Amino acid sequence: MKQIMLNGPWLFRESKKDQWLEAQVPGSILADLYRLNKIDNPFYRDNEAKLFSLFKTDYLYKKTFAISHEILNESFIYLNFSGIDTIATIYINDQQISHVKNMHRSYRYDIKKYLKKGKNEISILLHSPLAYVNEKNRKKPLYGNSESTPGLTQIRKAQYMFGWDWGPTLPDLGIWREVYIEAYSEAKIDSVHVLQKHSNDRVKLQFTFEIENFKADQLSMELQLLSPLGESTTQKFILSTQREYEMIINKPELWWPNGMGEQNLYHLTCTLIKDEQILDETKLTIGLRELTVITDEDKWGEQFAFEINKKKIFAMGANYIPEDNLLSCAGKEKTKSLIEGCAAANFNMIRVWGGGYYPDSDFYQLCDQYGLIVWQDLMFACGVYPVEEKEFIAEVKKETFDNLKRIRHHASLGLICGNNEIEMFFDDGRIPATIENKKQYQTFFEENMTEWVQELAPNTFYWPSSPSSGHIFKDTNGENSGDGHNWDVWHGESPIISYQNTYNRFMSEFGFQSFPTMQTIESFTEANDRNLFSHVMESHQKNQQGNMKIFTYLAQHYLFPKDLSSFIYLSQLLQAKAIKTGVEHWRQNRGRCMGSLYWQLNDCWPAPSWSSIDYFGRWKALHYVAKKFYQPILLSVKEQDNKVEFFLTNDSLNDVRGTIEWQLLKKDGEIIRSGKFDTDIQSLNVKKVSEIDFNTELKDSEIKKETVLYYHFTNHNHRDNYGTLLFTPLKYFQLKQPELHFDLKENEKEFALIISGNSFAKHVEVTLLGEDVVYSDNYFDIIPNVPYEITLPKAQLKKEYTKETLKEIITLRSVFDTYE
């Protein structure tokens, strides 16, 4: 097998202009123009709107490459595109070889007859996506997301590029993934499919090979499986027309999600051999596990519970969107940072939302390594698609086959979902529920997709839409079966506490907005832009009335902030409070509810949004708080009428014994009442461990304004988690200056801050001027005269510090500082 990479320098120009400019592939028009300083930063101030006209134009890309006599002598020469965005005509030496119109597909063409020895040229005419969707929508309008460019569902292109309520309208175009040529004369491995059957501490692996240019009785396949312990198993098969073979693994090292066990991975090498000569080789990394979703009936309706290796788990995670609007600015390091952040925050699941694109293979490999089960939407979201057209169906079938073949072997792949919210849009009236519309939807997502997924990935659970009850067009977003999306809080402006009135079987989408840090806001603004109602700030707030919603909720919980920095800080606390309220309630009802995936994990540009990690990878308050409310062992409380219920949730595989301690305190630390009791809890369970009435101590409403309940759970002499509870809205609590101070200590790898205060401090934020650091904890409460220690890794610091120089850049603030 010989390969010629066509990545790297290309040339490009507008189709109606003569000037050629240097391009980089993989890349895009926007990325190339920005790199060449032909345009300003697309994300800076209001540049987004100024760039829209760029996408009304066609562009031509070209590259020359050399073909040797040795290459030309091969029997097969194929041109491979891993991704073209989106409408393009492809030429080799001025001869058209194809016209394509699907960003989500890969393409492969036999180009031997178009090539010549020596210098050759490939050129690609990229057609305007706006012109395409406008013309299609003029002929037959289709409903799409209201915040997006009309006609976005007419094209197989990442929908978010046309604008969403958290992202810019930048429908870029380009050659966005690798381009290369393969040349060979013998057989080649097209795909390897591995199925698993588990029984009695053994796994039977069933292999199916798709071989190009296969000739019976000439080929063999050697399989080498390297275990997590380094033990190698090798088998060799003579390939026949059957091409299905088996391997038995005794006492397998199982793959587990984060927080439940090890992410054991086996390395499989498949080597295609003819006459002792290696023709081709494919390497896969697999995890041995049984993973499905249980939807059996129970006393509340029908379950929706992920089951891994016979254990039902509570799914904990968030929704993932594309990492950038400039696709070439995303990459493995950025993805790795995100996935590491998920694992650090105790996630065991991540949902790939259906309005973006299928992530690179690196994404799935990282999820395998860090133990995140992937809920994979297919790329359909919030609109009507031309699913009645034969050409569209054929195109999407190829798209689905391309991507499922690429990702199906991953241990992390847990569910394939047909679309995001389309069935719900029938239910709420945004899509007309005509007999014809419903029939077309059912045929495409309930029949065609089911058939394709069953053929390509029969070990993976298929779910037709999110949300869905599993019973088409029946109680689509109901509580008794399937998964749910709850937007009563935020879009519906219901109070945050109303989350505690919901009991969905699986909450796959709910969220609350906040602003990113001042450092991030400064990256896209000038000083005079930094006012919430400035044109630039409003141009980055893509959710209509989003800022006013934050103000509405803020008024319910906090005093009016003194400045923009304080408002931003409080917006993050408000977001964290909202998501914490929902998650803790659903975990307190484990068994009835079996998952929470908040909206959203990340950003595609710097802006206010629902994310817990901003565009630059900076953790918001929510992500630090998620690290606590997603702990496998969680102590949480619920208060009503001065009565407090204590819940202990155990999402680990081990039974747990420990001690719960609590103190009812005045804000200066004086203990009013305290208690302590031992408890235990079985694995994968929840129980209400106590209920305490504080009406005697809190009979005076003024006392509530200066009283806090502090509680913590200690397991094996380690304080696993702690929390505080106020009996009045924080805006009414009589905070006073906590006089926060800290000491520093260090070892070879990290600094430790030991923080104390003389009065109760709410949501203490630690920042280091000029540094971006992920701390062991942040946005925590300080109990008077109870030191609290956090750590920060030296490896993340940009400079070397002594304890003395580090002290100079550390700042602390709490809620008290937002209005005094």
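Whatever comes next refers back to the structure up there.
Quick notes on the rules
Residues numbered from 1 in each chain as written. Predicted model: local features only at pLDDT ≥ 70, side-chain atom pairs only at ≥ 80, totals over all residues. Heavy atoms only, no water. Helix = DSSP H or I, 4+ residues; strand = E, 2+ residues; numbered from the N terminus. Expected span 1.5 Å × (residues − 1). Bend = angle between axes of the 7 residues up to and from the residue. Buried < 20%, exposed > 50% of the residue type's maximum accessible area, 1.4 Å probe, protein only. Contact = heavy atoms within 4.5 Å. Pairing = 2+ DSSP bridges. Axes fitted to C-alpha atoms, helices over the stretch in contact; angles between N-to-C directions. Phe/Tyr/Trp six-rings, centres within 6.5 Å; stacked < 30°, edge-to-face > 60°. Lys NZ or Arg CZ within 6 Å of the ring centre and 35° of its normal. Parallel < 35°, antiparallel > 145°, perpendicular 65-115°, else oblique. Left-handed = near helix turned anticlockwise from the far one by under 90°. Nonpolar A, V, L, I, M, F, W, Y, C, P; charged D, E, K, R; others polar. Lys, Arg positive; Asp, Glu negative; His and termini not counted. Salt bridge = Lys/Arg side-chain N within 4 Å of Asp/Glu carboxyl O.

1. Thoughts on helix α9 (residues 435-456)
In an α-helix there are 3.6 residues to a turn, and that puts residues three or four apart on one side.
Phase 1: Over its 22 residues, α9 extends 30 Å from the first C-alpha to the last, a length consistent with the 32 Å expected when each residue adds 1.5 Å.
Phase 2: Met 449 marks the point of greatest bend in α9, at about 30°.
Phase 3: If you check which residues of α9 are buried, you get Gln 440, Tyr 441, Phe 444, Phe 445, Asn 448, Met 449, Trp 452, Val 453 and Leu 456.
Phase 4: In the core, the buried residues of α9 are packed alongside β13 (188-199), α7 (390-407), β28 (413-417), α8 (422-428) and β29 (461-463).

2. A word on the sheet that holds strand β9 (residues 118-126)
Phase 1: Pairing is antiparallel across the open sheet formed by six strands, whose spatial order is β3-β2-β4-β9-β6-β7. Where the open sheet ends on each side, the last strands, each with one partner, are β3 (21-25) and β7 (95-101). Between one strand axis and the next, the sheet turns by 30° as a mean value, whatever way the strands run.
Phase 2: As paired elements, strand β6 (residues 87-92) and β9 share five bridges and run antiparallel to each other. Pairing of Ile 90 across the sheet is with Ile 124, part of β9.

3. Details of helix α12 (residues 546-557)
Phase 1: Counted at 1.5 Å a residue, the expected span for α12 with its twelve residues is 16 Å, and the 17 Å between its end C-alpha atoms agrees.
Phase 2: Turning to α12, its buried residues number three or more, namely Gly 546, Asn 547, Lys 549, Ile 550, Phe 551, Tyr 553, Leu 554 and His 557.
Phase 3: Packed against the buried residues of α12 are α13 (564-588).

4. Observations concerning the packing of aromatic side chains
Phase 1: Applying the stated criterion across every chain yields a total of 65 aromatic pairs.
Phase 2: Judged by centre distance (5.4 Å) and plane angle (70°), the ring pair of Phe 304 and Phe 506 falls under edge-to-face. Separated by 202 residues along the polypeptide, Phe 304 in the loop between β22 (301-302) and β23 (305-308) and Phe 506 in the loop between β30 (484-486) and β31 (507-510) bring together distant segments of the chain. The burial state of Phe 304 is the same as that of Phe 506; both residues are buried.
Phase 3: One aromatic cluster is present, formed by Phe 380, Tyr 385, Phe 392, Phe 426, Tyr 441, Phe 444, Phe 445, Trp 452 and Phe 473 through successive ring pairs.
Phase 4: Between the NZ or CZ atom of Arg 108 and the centre of the ring of Tyr 78, over which it lies, the distance is 3.9 Å.
Phase 5: Seen from the ring of Phe 380, Arg 156 lies directly overhead, with NZ or CZ sitting 4.2 Å from the centre.

5. Topic: the packing of α13 against helix α14 (residues 621-629)
Phase 1: In contact at an axis separation of 8 Å, α13 and α14 are set at 20° when each is read in the N-to-C sense. The orientation of α13 relative to α14 falls into the category roughly parallel. The handedness of the crossing between α13 and α14 is right-handed. Along the contact surface, α13 presents Gln 572, Leu 573, Gln 575, Ala 576, Ile 579, Lys 580, Val 583, Glu 584 and Arg 587, while α14 presents Ala 621, Leu 622, Val 625 and Phe 629.
Phase 2: Of the residues contributing to the contact of α13 with α14, the split by class is eight nonpolar, two polar and three charged.

6. Considerations on the pairing of β23
Phase 1: Residues Ala 305 and Glu 307 of β23 are buried on one face, and the alternating residues Phe 306 and Ile 308, pointing to the opposite face, are buried as well.
Phase 2: Here two bridges tie β23 to strand β24 (residues 311-312), and the two strands are oriented antiparallel to one another. Bridge pairing in β24 links Glu 307 to Lys 312.
Phase 3: Hairpin connection between β23 and β24: a loop of two residues separates the two successive antiparallel strands, and Asn 309 in this loop has a positive phi of roughly 50°.

7. Points about the side chain of Glu 307
Phase 1: Relative to the assigned elements, Glu 307 resides in strand β23.
Phase 2: Nearest to the buried, unbridged Glu 307 among oppositely charged side chains is Lys 310, at 5.3 Å.

8. Digging into the environment of Gly 595
Phase 1: Relative to the elements of secondary structure, Gly 595 occurs in strand β32 (residues 595-598).
Phase 2: Distance in space between the C-alpha atoms of Gly 595 and Phe 306 is 8.5 Å, their sequence separation being 289 residues.
Phase 3: Once you skip the residues sitting within four places of it in the chain, Gly 595 turns out to touch Phe 314, Ala 315, Arg 505, Phe 506 and Met 507.

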